[in-house]
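# Architecture at a glance
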Amino acid sequence: MRRLPPLTAIEAFIQVARQGSVKAAAEALALSSPALTRRIQALERFIGRPLFERRHQAVTLNPDGERLMAEIAPAIDSLALAMERATGESAIMRLRLGVLPLFASQRLMPHLGELRARYPDFHIDIDTAAHGLARLDDGLDAAISLLTEVDASLYSRRIDTNRIMAIGSRELAEGAKPLTDPRQLSNVTIFLHRDMPETFDYWREAIGMPDLQPGAVDVFDSGHLMLDAVAQGLGVAFMHESHLKDAHDDRLVQLFDVSVESPYSYWFACRRSALSRRPVKIFHDWLFERVAKEEASKAA
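The structure contained in this document is the topic of the report that follows. Position numbers for residues start from 1 in each chain and track the written sequence from start to end. Residue-level local features of this predicted model are given only where pLDDT is at least 70; pairs of side-chain atoms are given and counted only at 80 or more, and the full residue set underlies all totals for whole chains, interfaces and linings. As a rule here, side-chain values come from all non-hydrogen atoms in the structure, and water together with hydrogens is ignored.

Phi is positive for Phe256, close to 70 degrees, though the residue is something other than glycine. Numbered from the N terminus, helices here are DSSP runs of H or I no shorter than four residues, and strands are runs of E no shorter than two. As for its position among the elements, Phe256 is in strand β11 (residues 252–261). Exposure classes here rest on a 1.4 Å probe applied to the protein chains alone. A residue is buried below 20% of its type maximum, exposed above 50%, and partly exposed in between. Phe256 gets classed as buried once you look at its relative accessible area, which sits at 15%. The phi dihedral of Asp257 is positive, around 55 degrees, even though this residue is not glycine. Taking relative accessible area as the criterion, Asp257 reaches 71% and is therefore assigned exposed.

With that settled, consider the layout of surface pockets. Its boundaries defined by the atoms lining it, the second largest pocket holds a volume of some 370 Å³. What lines the second largest pocket is a set of 16 residues, and nearest its centre among them are Ser242, Lys245, Asp246, Glu294 and Lys298. Elements supplying a minimum of two residues to the lining of the second largest pocket: α6 (101–108), α11 (241–247) and α12 (278–299). Its residues assigned to classes, the lining of the second largest pocket comprises no nonpolar, seven polar and nine charged. With a 1 Å grid laid over protein atoms only, a set of points is called a cavity when a 1.4 Å probe fits there but cannot get out and a pocket when it is open yet has protein on both sides within 12 Å along at least five of seven lines; lining residues have an atom within 4 Å of a point. Grid points are joined across faces, edges and corners, and a volume is the space filled by probe spheres set on the points. Charged means Asp, Glu, Lys or Arg here, nonpolar means Ala, Val, Leu, Ile, Met, Phe, Trp, Tyr, Cys or Pro, and polar covers whatever is left, Gly included.

Glancing now at the environment of Leu147. By secondary structure assignment, the location of Leu147 is in strand β5 (residues 142–147). Sequence separation of Leu147 and Arg163 is 16 residues, and the distance between their C-alpha atoms is 14 Å. Every residue in contact with Leu147, bar those within four places of it in the chain, is listed here: Leu133, Pro263, Tyr264, Ser265 and Trp267. Whether two residues are in contact is decided by their heavy atoms, any of which lying within 4.5 Å being enough.

Attention now goes to the nonpolar core. Take the buried Ala, Val, Leu, Ile, Met, Phe, Trp, Tyr and Cys residues and link them wherever side-chain atoms come within 4.5 Å; each set so joined is a nonpolar core. Formed by 31 residues in total, the largest nonpolar core has its most connected members in Leu97, Ile144, Ile159, Phe268 and Phe283. Of all elements in the fold, only β3 (94–99), α6, α7 (112–118), β5, β12 (265–270) and α12 reach the threshold of two or more residues within this core. Here this core takes seven residues from α12, the largest share from any one element. With residues up to four places along the chain from it excluded, the contact list for Phe283 reads Leu95, Leu97, Leu108, Leu115, Phe122, Ile124, Ile144 and Phe268. Within the second largest apolar cluster, 20 residues are counted, among which are Ala9, Leu61, Leu68 and Met69.

Moving on: the sheet that holds strand β7 (residues 163–169). Sheet architecture is open: five strands sit in the order β9-β8-β10-β7-β11, paired in mixed fashion. If you trace the sheet from one side to the other, it starts and ends with β9 (216–220) and β11, each paired once. Strand after strand, the sheet turns through a mean of 30 degrees between neighbouring axes, direction not considered. Inspection of the sheet shows β7 paired to strand β10 (residues 236–240) by four bridges, in the antiparallel sense. Looking at the pairing, Ile167 lines up with Ala237 of β10. Here, strands pair whenever DSSP counts at least two bridges between them. Note on definitions: angles span 0 to 180 degrees between N-to-C directions of axes, and those axes are lines fitted to C-alpha atoms, for helices only across the stretch in contact.

Moving on: empty space enclosed by the protein. Counted by the stated rule, this structure contains two cavities of 30 Å³ or more. For the largest cavity, the calculated volume is near 100 Å³. Counting only elements with at least two residues in the lining of the largest cavity, the list comes to α6 and α10 (223–231). Tallied by class, the residues present in the lining of the largest cavity amount to eight nonpolar, four polar and one charged. Counted as a void, the second largest cavity has a volume near 70 Å³. If you list the elements that add at least two residues to the lining of the second largest cavity, you get α6 and α12. Class assignment of the residues belonging to the lining of the second largest cavity gives a composition of five nonpolar, one polar and three charged.

Quick look at the pairing of β9 now. Across five bridges, the pairing between strand β8 (residues 189–193) and β9 is parallel. By the bridge assignment for β9, Ile190 is matched with Val217. In this region the chain leaves β8, passes through helix α9 (residues 199–206) and returns to the parallel neighbour β9; the handedness of that crossover is right-handed. We call a crossover right-handed when, viewed with the strands running away from us, the connection from the first strand over the helix to the second turns clockwise.

Further remarks concern the packing of α6 against α10. In a packed pair of helices, the relevant descriptors are the angle between the two axes and the axis-to-axis distance. It is the contact of α6 with α10, at a shortest axis distance of 7 Å, that shows an interaxial angle of 80 degrees. Comparing the axis directions of α6 and α10 gives the class roughly perpendicular. Between α6, through Pro101, Leu102, Ser105 and Gln106, and α10, the contact on the second element is made entirely by Gly223, His224 and Leu227. Class assignment for the residues of the contact of α6 with α10 results in three nonpolar, four polar and no charged. Any angle that is under 35 degrees is reported as roughly parallel, and any over 145 degrees as roughly antiparallel; angles of 65 to 115 degrees are reported as roughly perpendicular and all others as oblique.

By secondary structure assignment, the location of Thr189 is in strand β8. Exposure remark for Thr189: the relative accessible area of 23% places this residue in the partly exposed category. Sequence separation between Thr189 and Glu27 is 162 residues; the distance between their C-alpha atoms is 46 Å. Non-local contacts of Thr189, meaning those with residues more than four positions away in its chain, are made with Ala216, Asp218, Leu234, Gly235 and Val236.

We define a salt bridge as a side-chain nitrogen of Lys or Arg found within 4 Å of a carboxyl oxygen belonging to Asp or Glu. One pass over the structure, following the stated rule, counts 21 salt bridges. The salt bridge involving Glu289 is made with Arg118; its shortest N-O contact spans 2.7 Å. Taken together, the residues Glu289 in helix α12 and Arg118 in helix α7 connect sequence positions 171 residues apart. Judged by its relative accessible area of 28%, Glu289 is partly exposed.

Have a look at this one:
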């Protein structure tokens, strides 16, 4: 049988071809950029000709590289699938997901039975610790985060858009001294989430009261605890409309009958290379299928 180049060199070639970047390919393979470049050079020496056109910030396949890619990529993908089967799908079909606790309980957990029914061997390790995006490929495969924008170096897709509102207890809204005017917040504690620190600033600016000052500001790192504190009448939370709707708690109501567009959204994000991994792709596609169903239901 004719001698073959090292499989690691072929793997490096395919990653660079698909990523269009030595840096991104090296990141996906947990290599340094110089180490990955040496593997590509070894393959080019074996072939006897260059395979890429090298530009300042990117690399692209030249005609020889395109021909090689077209011939070997299907075989390599088949080899990868065979190895998945050989090592056992239950080990491969596991997603390590970083997700905020409130999103997990309100919008993820109620539907996981549907995902399990479709993919019985699919398992998710759920991590609710902070800084999910910073831990991608360092314990996490993907993350669902609440942000205004996502680093362009990552693959990201917006899950929703939302509106900011003041959420209070029913007693606070309907009691003997109801809270009916935003100016009354000067005597009230408001609650903000660590991941949405500017919600009150956006809200007061949008309602034409940029100088409005609350009695005090308490910051939480848990949406659940914020809503619990509100339900007990301890203050007013500035959160998303979906947080109130999905809480299904009759003790909670919207105050002041005004909401404003939020700059914060839930985003799904992962390394660009991770989207080719089967567990990440399965969860991604299922999640946005659910999002599409929710949007269709709202429009009906």
